[in-house]
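Next come the chains, spelled out residue by residue.
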Amino acid sequence: MFLVRLLVLFILHSCVVGMQPTQISQQASSPPHPTGEQTPFETDNLSFPWSRLRLPRYIIPLHYHILVHPNLTSLHFTGSVTIQIDVQNNTNWVVLHSKGLQISKATILDKNLAHLSDQVLPCLHNPAHEQIGIFSPRVLISGQKYFLYIEFGAELAEGFRGFYKSIYTTSSREIRTLASTHFEPTSARMAFPCFDEPSFKANFSVRIRRSSEYISLSNMPIVKSVEVENGLLEDQYAASVKMSTYLVAFVICDFKSVTASTSSGVQVSIYADPGKWSQTHYALEVAVKMLDFYEEYFNIHYPLPKYDLIAIPDFEMGAMENWGLTTYRESSLLFDPHISSVSDKLWVTMVIGHELAHQWFGNLVTMKWWNDIWLNEGFARYMEYISVEATYPELKVEEYLLHTCFAAVGHDSLNSSRPITSPAENPTHISEMFDTISYDKGACILHMLRHFLSEDVFQSGIVRYLRKYSYQNAHNQDLWDSLANTCSEEDFISGKHCYTREQAHKNSYMLAGEHLDLTAMMNTWTLQKGVPLVIVKRTGPRLMLRQVRFLRTELPSDPLWSTLQQGYLWNIPLTYKTDTSSTIHRHLMTTQSDIIYVGEAVNWVKVNVDMTGYYVVHYEDGGWEEITKLLKENHTALSYKDRTHLIHNAFQLVTAGYLSLNKAFDLIGYLHQETHSAPLLQILGYLKALYHVIEKRSDVDLVQNFRIYILQFFRGVIDRQTWSDEGSVLARRLRSEVLSLACHLDDTSSLDEAHWRFKDWLQSNGSLKLPTDVAQTVYVVGAQDDHGWASLLHMYKTSSSAAQKDKILFALTNSRDTNKLYSLLDLGLEGQVIRPQDLPALIIWVAQNPRGHHIAWNFVKKHWSTLVQKFQLGSSTIRHVLIGTTGQFSYPEEYTEVKMFFESIREYTSQLKSPQLALDNVQKNVRWMQRNLETLKNCLSENRPL
């Protein structure tokens, strides 16, 4: 224990802070010094009073008064915070969060603004927990309110978290600097000392000092601007509504804006660097339209008077939902109709829909702790779909939800997955919660629930949830109670239309004559990991059903498989349809096996209609042959969603060992009849993904045969495409994907067209506008010679369109010249020509290049420490880089190499889930090749139609 004590004393260093009168607001006078007897104390005898990662609950923040003054020349900021606190238990200590801040002064005042002590107050630091402790020699009395005042300073952060710097270049090549914040999940403590946990909601009054050449923005509108010393201006903002610290935001910049108002009078503004102001108008249209939609859908007014959206030049994520001031990556907010494609348009629309949904889900009602972050992110992801479908039906976003659920199944069918609700205590674990499970699986189980309960019941339930927990925090059970119309005993007694929790199972929804316990049902989806596989077998007039856990890394014949099945059981809201009626039948499956009567006259059954349920379906004993026959004879008997779902399930089942590759190829043999883009894109996606793995193997004949095979398979679809922006949104998205793959597979006619268009575009010095949907494909083809590559790199440096820069960078990474790939990675690491925010995408795109996949992986290994420093351990960025650079490995030797690297950096990876996820992914590929490679070769050699 002596060694432990020395270690604790070493890391807990104290900072002596001076005592001077302070002002809580501009109008406050200097508080008098305290009178009365004080308890003497020795700083050296104090040790940090708190040992846990989460803060004590005996101090509750009520209102923050924040003053910040960033210096955009010295890249340093100073500030002060006065926090009104409510003391719950007698104590001498206030413990709160601070990270990387130099505390220069701290004091505690009573409710009359009088100092509690005339002595120097100690401030102890616990860097490991990112906490500080302020010691008061006078006991803080339970039930009393006080003011904690702290002055601090720090450098503007490098990277993308906390209060950080960002730069952009004007059209006249002048470098401009701005300062912006990104606090979610645990980085508000990098900008000001605070109680940085979501349940510590408080009001915030912000003041920002700036020079006159800049503007400032924060969550609320400016009340007034006053001139202070040395010509500085101080913007004083209205007090905010109650909110969590991670939603506080401020930006100091010289941007321009475009503004409009919603039907309820909310002022909406889009801010961007002045050179990109012309690209803000579509976002303004979307934000106004969607804010109107959400106010009507939730039947709750947006509670702030303004809503700002700002494009930050350096931004790691897609966007951040700070209340009243949402921050975006430029490519997620700005839209140039002359350059941006229809996919870019859909992306911008969905991201705005996502962040606007957060103004209710996350901001108005916040999860109690990060283990339930899906209550924020799953809802926002699902509301993207609902909001875009309602406001921009021409974008055909319904396909997007299918692919969202396919992505979730892909992640969740690996043993390294996790439950939606999972423990998360330290910042690294909390960051890892922002993943496919929280976002995509969360959205998909909400979609399942909406269809199960009915749209009206679902909508009224979430409105009830939002109203009841407004400006509060909630957890899973609160949502289930709201959806099941249950409430507290007090609400029940007061006559509100709801049930006590004990009555829920008696009074809730009826299904097939049975009462539904919604909590028990949904706990099977949120408290256990994985996705169920429903195995269907026709026996006369009956469907024999059984459910197992669906795994893609272990086969049913493997010894470990039965162990990994133990304890897994879901309450599955099944839907099915048959050829005998148009009715969608429903059945709640709550046991390992079940029976449904469908009748003797039924020729076929499709389970999981339109994939409204989050489960995979396998048809035993000739079931797949039955469906294959139906598709070939009358594929329109099934909806396009059902056809897409069947294709997805078939190839997933091949990976999991339930279905032969031959049968999956037989299933998609009806392609020449298919006209809807969703099934075509699903088939294209699987063949493309498989080809990208195959082309990275040392089998030239196999690659060539597969290339010819895919081109023959899609010949009719390729020949129907035009190199234009004509047609519906779905037709345009299909065109982009089909022509891109055709050129990648060296289709002669497609390559000739792309070469010709690139040559004309280059000769016009960029003044010729390429069709937006094929521009990236044209760039990729043009990048294959030295002159084209150099010209594109120059265009990348000068383009003012983030969407165009992304397309050009992707094209540059497709070079067959490995020296060019090395030089791109060097530019990305250096961070001037290619911004640090784009380095992860650059690495992943190089990894997708068959000449670059080992180059990218070796780059990650060599620069691992730098990458972690730039993007933080546990971030989704690090996860995407690890999976993106290893995701197409398929040799056992590659699996061993990846595993050895992770073991060599165990000090990092022991805290992370993503390395095991990456390993599972490689293992899946290795086993697929071991089981299916010979079958694939036989299919190709026999020239069977896929």
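Everything quoted here is computed from the prediction, not taken from an experiment. (Residues numbered from 1 in each chain as written. Predicted model: local features only at pLDDT ≥ 70, side-chain atom pairs only at ≥ 80, totals over all residues. Heavy atoms only, no water.)

1. Describing the pairing of strand β6 (residues 121–126)
Argument step 1. In terms of burial, β6 is largely enclosed, as 6 of its 6 residues are buried.
Argument step 2. Across the two faces of β6 the burial is the same, with Leu121, Cys123 and His125 and Pro122, Leu124 and Asn126 all buried.
Argument step 3. Bridge analysis of β6 against strand β7 (residues 131–140) gives 4 bridges, and the strand direction is antiparallel. Looking at the pairing, Leu124 lines up with Gly133 of β7.
Argument step 4. Between β6 and the antiparallel strand that follows it, β7, lie 4 residues; Glu130 among them carries a positive phi value of about 55°. (Buried < 20%, exposed > 50% of the residue type's maximum accessible area, 1.4 Å probe, protein only. Helix = DSSP H or I, 4+ residues; strand = E, 2+ residues; numbered from the N terminus. Pairing = 2+ DSSP bridges.)

2. Quick look at the packing of aromatic side chains
Argument step 1. What the rule picks out here adds up to 48 aromatic pairs.
Argument step 2. The interplanar angle of 75° and the centroid separation of 6.0 Å between the aromatic rings of Phe183 and Phe250 together place this pair among those described as edge-to-face. With Phe183 in the loop between β10 (175–182) and β11 (203–210) and Phe250 in strand β15 (residues 250–253), the pair connects residues that are 67 residues apart, well separated along the chain.
Argument step 3. Note on Phe183: relative accessible area 0%, which makes it buried. (Phe/Tyr/Trp six-rings, centres within 6.5 Å; stacked < 30°, edge-to-face > 60°.)

3. Topic: the packing of helix α27 (residues 839–848) against helix α28 (residues 853–862)
Argument step 1. Look at α27 against α28: their axes get within 6 Å of each other, and the N-to-C directions meet at 140°. Regarding the angle of α27 to α28, the classification is oblique. Between α27, through Leu839, Ile843, Val846 and Ala847, and α28, the contact on the second element is made entirely by His853, Ala856, Phe859 and Val860.
Argument step 2. Residue composition of the contact of α27 with α28, by class: 7 nonpolar, 1 polar and no charged. (Axes fitted to C-alpha atoms, helices over the stretch in contact; angles between N-to-C directions. Parallel < 35°, antiparallel > 145°, perpendicular 65-115°, else oblique. Contact = heavy atoms within 4.5 Å. Nonpolar A, V, L, I, M, F, W, Y, C, P; charged D, E, K, R; others polar.)

4. Thoughts on the sheet that holds strand β33 (residues 616–619)
Argument step 1. The mixed open sheet is built from 4 strands, whose spatial order is β31-β28-β27-β33. Both edges of this open sheet fall to β31 (593–597) and β33, since each of them pairs with a single strand only. Direction aside, neighbouring strands of the sheet carry axes that sit 25° apart on average.
Argument step 2. When strand β27 (residues 532–539) meets strand β28 (residues 542–549), the two strands line up antiparallel, connected through 8 bridges. When the sheet's bridge partners are listed, Thr539 is paired in β28 with Arg542.
Argument step 3. Along the sheet face, helix α16 (residues 640–656) touches β27 and β33 and points at about 75° away from the line of β33.

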